[in-house]
Structure formats: structure tokens, C-alpha cells
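This is what each chain is made of:
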Amino acid sequence: MSLPGRLIDSFGRTIRDLRISVTDRCNFRCLYCLPGSEEAADFYRTQGQVDPKPIKRDWKPRTHFLSYEEIERVVRVAVGQGITKIRLTGGEPLLRRNVPELVAKLAALPIEDLALTTNGFHFAESAEELHAAGLRRVTFSLDTLERENFNKFTGRDRLEEVLAAIRQARDLGFDPVKVNAVVIRHLNDHEIEGLAEFAHAEGLSFRFIEFMPLDSGRAWQKEHVVSGAEILERLNVRFNLQPKGRKHPSTTSKCWRFDDGPAEVGLITPVTEPFCDNCNRLRLTADGKIRTCLFSLHEHDLKPLLRDGASDADLAKWLGEVVLKKEERHNIGETDFEQPDRSMSSIGG
Ligand code: SAM
Ligand code: SF4
């Protein structure tokens, strides 16, 4: 049982990290997340071997979203239960109005780490406000440095804007500025060294992520995953990398420093080297569902409690009970694996 002030699951893992999706909407159509069409999703299918399935769009009405006041309350209660890290994500979080207002509310709470993940498209407009509101850590998604490939990956011709946003974040003093790239065989694996070179030149913390079966096109296949081991082997041929190890066992990435300058590269390997044993995360969807795992097939609805007069003590007790239902591990790649209904964009990555 969870102790008062701590969230401990039935496998003894202490939960410290809450990822909050502020909207399930997105203005990009990344092939591996929310492909814009059957054709786009089909692009990385092995020709003829997989039956096309309709693209799922399960956007919730905006009226179902938690308000900023409700999110702040959940975070306050969760902090009382031992949560120390908060990441705002989506969908594309900066599509929601006034995100700096939410950041200011959360930054006033006693959390150790407040971060935001964004595709960068709208970053320039609110970068200074976000910083002034107390945001210090930002992660961008950037899978390619080739304009044509960027269009293919995201469905948008916005590479220059995203590069400018990354540089703007660095110049404004966000630290670290992280960049994530999902690596997919035959799509961007030829860019691994180039992306690392970019991280090196720009002084970034760059993470290569293994492609997970969370795409709304449901076209994921094992053959498209480029393993962390392969990525590392290639990086070691080109660069002199020094292992940094994991800051904490629950950290999802393993990192290496370049031998000169502040840049680093990391690998996030949920498929080939799952880190479930040390997982300390919970997720809150934009419509108020707690998910105990990225791959959960069941969700826990917090909204009725928030809207029907539950006290903070009731919320804390409920969270403790939900955490006990956290899955031991995911089973990607096994015969009984079942992809959740929601895609990454509506879960909150
Ligand atoms: N829209 C924002 C962005 O793209 O940064 C935040 C939400 S996005 C869902 C969060 C992260 O999930 C991104 O870094 C994205 O690359 C990653 N992601 C999405 N689908 C994925 C998949 N199928 N496998 C691995 N990572 C994925
Ligand atoms: Fe791409 Fe992020 Fe939008 Fe998914 S949520 S389509 S990863 S920008």
C-alpha cells in the first residue's frame, strides 16, 4: 500500500514523475505519431505485408479538457504525494492558449523539475513569456535536418522555424535545451551522424528514441526500429564519446558527452532495452484520465472527483489506489502485445 506522502506501486516503484498533456490536438502530422493520411502512414509499411487500417483520430471535445486550475490542483496534491518532476506535453502543448499562465502556476509549487516538450512551431511567440513564467527546461522534437525529409516526417514545411526555435531557446538561457529524434529504418537512419554533428555544433542534449508502436496509423513494425545499440555503434565510429551513465535509475536515457564542449547524445531504448523496472512515471491526459503506463489499456478518470466535490485528501487517496494498478512492464514485440486505443499524440509523450 502507498504510504501517506508517497506513491508506491505494487512492484515497489516510487512514482515521482507526472507527464501532463494539455491538449490532444497537434498542428504536425508526424508519420510515427499522427500521420495525416493513410498514404502517409503507409509510407513506412512493408509493401503489401500489412493490411491498411483506418487512421484513428480520437480527439476529445475541448470542453472535456481539464482547466488550468484543475491541473494545478492535481499537481499540488500529487506533489504532496511525492511527485517532484512535471513535464507539460501533448499533442502540441503550445496550441493551447496561455500556457505561460499554467507554467507560472506550476512553477510556484515545490517541484524540482518543470519541463515542456514541443514541436517548436509556436515556440517563438511565447518563448520569453514561458521563461519569465519560470520554465527553464524545454525539449524539442526534430527527426531530420533535410527539408524534404522534414516535410515527409511532419507533413509541414517548417524545418527552418524549428531550427530557429531551438537556437532561440538556447540563447534565452533554457538549460538544457534537449532535442528528441525518433529513428526509423529507411526514413532517417542515414541522418544519425548528421544529427549528432548538429547537436555537437549547437551544444545541445540530443536524444535518439526507438520507434514505439503508438502511431495512430498502426503501421509500426519491429523491422522499422533502429536499436539504440546500432545507433551507438555508428556514433562511436565518428565521435569520441564519454559515457555519462544515468543520473538516476528511473531516467529513460543513457547519455554520452562529446570530448569537447557541452553537447551530449543519449539513447532512449524502450523497445530493445525496456526500463520498466525503474519506471517512476504517471501520465495525465488532457481530458483528465490518469494512465499508469504509456501502453496501458485502461485509464482512470480523475474528472468526476475534481468536479463532484472530492477533497484534496480524497484525491490523494484515489491517486494512491490508482498507482497500485500500475502495470509491471510493457510487452512490445511479444505475441500478446496490444496497442492502446490512443496514439502518442493523445496520450502525451
Ligand atoms: N508535440 C510535441 C512534440 O512533438 O515534441 C509533444 C508531444 S510528442 C507526442 C512527445 C514526444 O513523443 C516527441 O518527442 C515524439 O518524437 C515522441 N513520439 C511520438 N510518437 C512516437 C513513437 N511512435 N515512438 C517514439 N516516440 C514517439
Ligand atoms: Fe509530431 Fe508531437 Fe504532433 Fe505527435 S504530437 S504529431 S510527435 S508534433
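Residues numbered from 1 in each chain as written. Chains lettered and ligands numbered in written order. Predicted model: local features only at pLDDT ≥ 70, side-chain atom pairs only at ≥ 80, totals over all residues. Heavy atoms only, no water.

**What to know about the overall build of the chain**
Counting secondary structure elements, the chain contains 11 helices and 12 strands. Over its C-alpha atoms, taken along the principal directions, the chain stretches across nearly 55 × 45 × 35 Å. Long-range pairs, those at least 24 residues apart, make up 74% of the contacts in the chain between residues at least 6 apart in sequence. In the form shown here, the chain has an accessible surface area of approximately 15200 Å², with 49% of it arising from carbon and sulfur atoms. Once the 50 positive and 54 negative side-chain charges of the chain are each reduced to a mean point, those two points are 3 Å apart. (Helix = DSSP H or I, 4+ residues; strand = E, 2+ residues; numbered from the N terminus. Contact = heavy atoms within 4.5 Å. Areas by Shrake-Rupley, 256 points an atom, 1.4 Å probe, with all protein chains shown as cover. Lys, Arg positive; Asp, Glu negative; His and termini not counted. Charge placed at Lys NZ, Arg CZ, Asp CG, Glu CD.)

**Notes on the site of ligand 2**
Close contacts around ligand 2 come from Cys26, Phe28, Cys30, Tyr32, Cys33, Leu34, Gly91, Asn119 and Ser345, and that covers them all. The residue makeup of the shell around ligand 2, split by class, is six nonpolar, three polar and no charged. (Near = heavy atom within 4 Å. Nonpolar A, V, L, I, M, F, W, Y, C, P; charged D, E, K, R; others polar.)

**Some words on the site of ligand 1**
Contacts to ligand 1 come from 18 residues, most closely from Tyr32, Gly91, Thr118, Ser141 and Met212. Within the contact set of ligand 1, a nitrogen atom lies 3.2 Å away from a side-chain nitrogen or oxygen of glutamate 92. One of the side-chain nitrogen or oxygen atoms of serine 141 is found 2.6 Å away from an oxygen atom of ligand 1. Out of a free accessible area of 550 Å², ligand 1 has 96% covered by protein chains. Elements with a contribution of two residues or more to the shell around ligand 1: strand S2 (85–90), strand S3 (113–118), strand S5 (177–183) and strand S6 (205–210). Considered class by class, the residues forming the shell around ligand 1 number seven nonpolar, nine polar and two charged. (Polar contact = N/O pair within 3.5 Å; in protein donor to acceptor, adjacent residues only side chain to side chain.)

**Here's the deal with the nonpolar core**
Ranked by internal contacts, the top residues of the largest apolar core, which has 104 residues, are Ile86, Phe123 and Phe208. With seven residues, helix H2 (residues 68–80) is the single largest residue contributor to this core. With residues up to four places along the chain from it excluded, the contact list for phenylalanine 123 reads Leu94, Thr118, Leu130, Val138, Phe140, Ala165, Gln168, Ala169 and Phe174. (Core = buried A, V, L, I, M, F, W, Y, C linked by side-chain atoms within 4.5 Å. Buried < 20%, exposed > 50% of the residue type's maximum accessible area, 1.4 Å probe, protein only.)

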